[in-house]
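# Chains, contacts and geometry: an overview
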Amino acid sequence: MSFTDYIKKMLTGQLRNNPHSADQTASQTSSGAIEKTGPTLLAIDTASTSLSTAVLINGLVKGELYEDMERGQAENLMGFIVKSLDQAGIAFDEVDGIAVTVGPGAFTGMRIGLATARALGLARKIPVVGVSSLEAVAYGVSERDQQGRNILVALDSKRNEIFAQAFDGKKRPLSAPECVAPRQALMMAPPGDTLLAGDATPRLLTAAAHAPDAFYDCTAPGLPRAGNVARIAAARWETDENLPPVPMYLRAPDARRIEDQGPGKNKSAEEI
């Protein structure tokens, strides 16, 4: 089966193992057994070194998949989507919208997720909304860990800097997302005890060894999970507060940096 045929079958629901699930859901809804309480969303995250997909139905996450994956996201994403939909028991034509992480993160990963989400949204003519990777990680911090404390999320940029953003006890942003050195990131947190989350937490803990305030590690996943991406998007679905589905770049791409440092940049005005 060609890739084009694969997409067509997914869009029309022909890849679903249980072809009667949609009819069953419709009959249950009409009889009053199940009442729709929010949008049905497909969520995608490929903005870092992992791949995650999930489906949100009536506020419940179903079919959530996650795998650490530095390479191969483009080749595996559609298979993850199909499997998530299958485990959730719905076809793609029952999805109301798509939520996708927009970064900050890996340039290639961001483009893979966004391009796929936008293409599927265009094919179905359904909304595609963006969610910050940093906020998705903050959302994964449990109430047991947080206990009302502030959160500082730090994601590895694979360079000397880290992607960081501070959140309050209700997981509302206290700062803008930035690409900064670890010590600068610590200064983003307000005074008081702060939880550290994200895969760059070890670097922050090292930098915080002699900090005046207390910084603590937590048990939250270090990278975004699609289920949290879906929950965030659903909470803002009716308010239009979700981010646009465009990449959140906090630093220049490496290709551009190399280009900027090329021989042409060293030419004198006379040579130009």
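The text that follows walks through the structure, step by step, so that each part is easy to find. Predicted, not measured: the structure shown is a model, and the values here were computed from it.

## Observations regarding the environment of Leu205
Looking at the element boundaries, Leu205 is found in helix H8 (residues 201-207). Measuring from C-alpha to C-alpha, the distance between Leu205 and Tyr216 comes to 7.8 Å, with 11 residues separating the pair along the chain. Ignoring anything within four residues of it in the chain, the contact list for Leu205 reads Leu196, Phe215 and Asp217.

## Structural notes on the sheet that holds strand E3 (residues 60-68)
Strand pairing in a sheet is mediated by backbone hydrogen bonds. Such pairs are either parallel or antiparallel. In space, the 5 strands of this open sheet follow the order E3-E2-E1-E4-E5, with mixed pairing throughout. Of all strands in the sheet, those with a lone pairing partner are E3 and strand E5 (128-131), marking the two edges. Each adjacent strand pair in this sheet contributes to an overall mean axis angle of 15°, direction not counted. Note that strand E1 (residues 41-45) and strand E2 (residues 50-57) share 5 bridges and pair antiparallel. The partner of Ala43 across the bridge, within E2, is Ala54. Sheet contacts for helix H3 (residues 73-88): E1, E2 and E3; angle to E2, the most-contacted strand, approximately 25°. The strands touched by helix H4 (residues 107-124) within the sheet are E1, strand E4 (97-101) and E5, with E4 carrying the most contacts at an inclination of about 170°.

## Here's the deal with the packing of aromatic side chains
Counting across every chain of the model gives 1 aromatic pair. Ring centres 5.1 Å apart and planes at 35° place the aromatic pair Phe107 and Tyr249 in the tilted group. With Phe107 in helix H4 and Tyr249 in the loop between helix H9 (226-235) and helix H10 (254-260), the pair connects residues that are 142 residues apart, well separated along the chain. Phe107 gets classed as buried once you look at its relative accessible area, which sits at 12%.

## Re the pattern of salt bridges
On inspection of all chains with the given rule, the structure shows 6 salt bridges. Measuring nitrogen to oxygen at the nearest pair gives 2.5 Å for the salt bridge that ties Asp96 to Lys36. Here the residue Asp96 occupies a position in the loop between H3 and E4, and Lys36 occupies one in the loop between helix H2 (21-31) and E1, the gap between them amounting to 60 residues. On the accessibility criterion, Asp96 (27% relative accessible area) is partly exposed. Given a relative accessible area of 45%, Lys36 falls into the partly exposed group.

## Quick look at the pairing of strand E7 (residues 162-167)
Counting buried positions along E7 gives 6 out of 6 residues, so the element sits mostly inside the fold. Alternating residues of E7 divide into Ile162, Ala164 and Ala166 and Phe163, Gln165 and Phe167, and every residue in both groups is buried. Both strand E6 (residues 150-156) and E7 contribute to a ladder of 6 bridges, which runs antiparallel. Bridging across to E7, Leu152 finds its partner in Ala166. Between the end of E6 and the start of E7, which pair antiparallel, lie 5 residues, with Lys158 showing a positive phi angle near 65°.

## Section: the packing of H3 against H4
For any two helices packed against each other, one specifies the inter-axial angle together with the distance between the axes. Taken N-terminus to C-terminus, the directions of H3 and H4 make an angle of 40°; their axes are 10 Å apart at the nearest point. One finds that H3 runs oblique with respect to H4. For the crossing formed where H3 meets H4, the hand is right-handed. Across from Gln73, Ala74, Leu77, Met78 and Ile81 in H3, the residues of H4 making contact are Gly109, Ile112, Gly113, Thr116 and Leu120.

What counts, and at which threshold
- Residues numbered from 1 in each chain as written.
- Predicted model: local features only at pLDDT ≥ 70, side-chain atom pairs only at ≥ 80, totals over all residues.
- Heavy atoms only, no water.
- Helix = DSSP H or I, 4+ residues; strand = E, 2+ residues; numbered from the N terminus.
- Contact = heavy atoms within 4.5 Å.
- Pairing = 2+ DSSP bridges.
- Axes fitted to C-alpha atoms, helices over the stretch in contact; angles between N-to-C directions.
- Phe/Tyr/Trp six-rings, centres within 6.5 Å; stacked < 30°, edge-to-face > 60°.
- Buried < 20%, exposed > 50% of the residue type's maximum accessible area, 1.4 Å probe, protein only.
- Salt bridge = Lys/Arg side-chain N within 4 Å of Asp/Glu carboxyl O.
- Parallel < 35°, antiparallel > 145°, perpendicular 65-115°, else oblique.
- Left-handed = near helix turned anticlockwise from the far one by under 90°.

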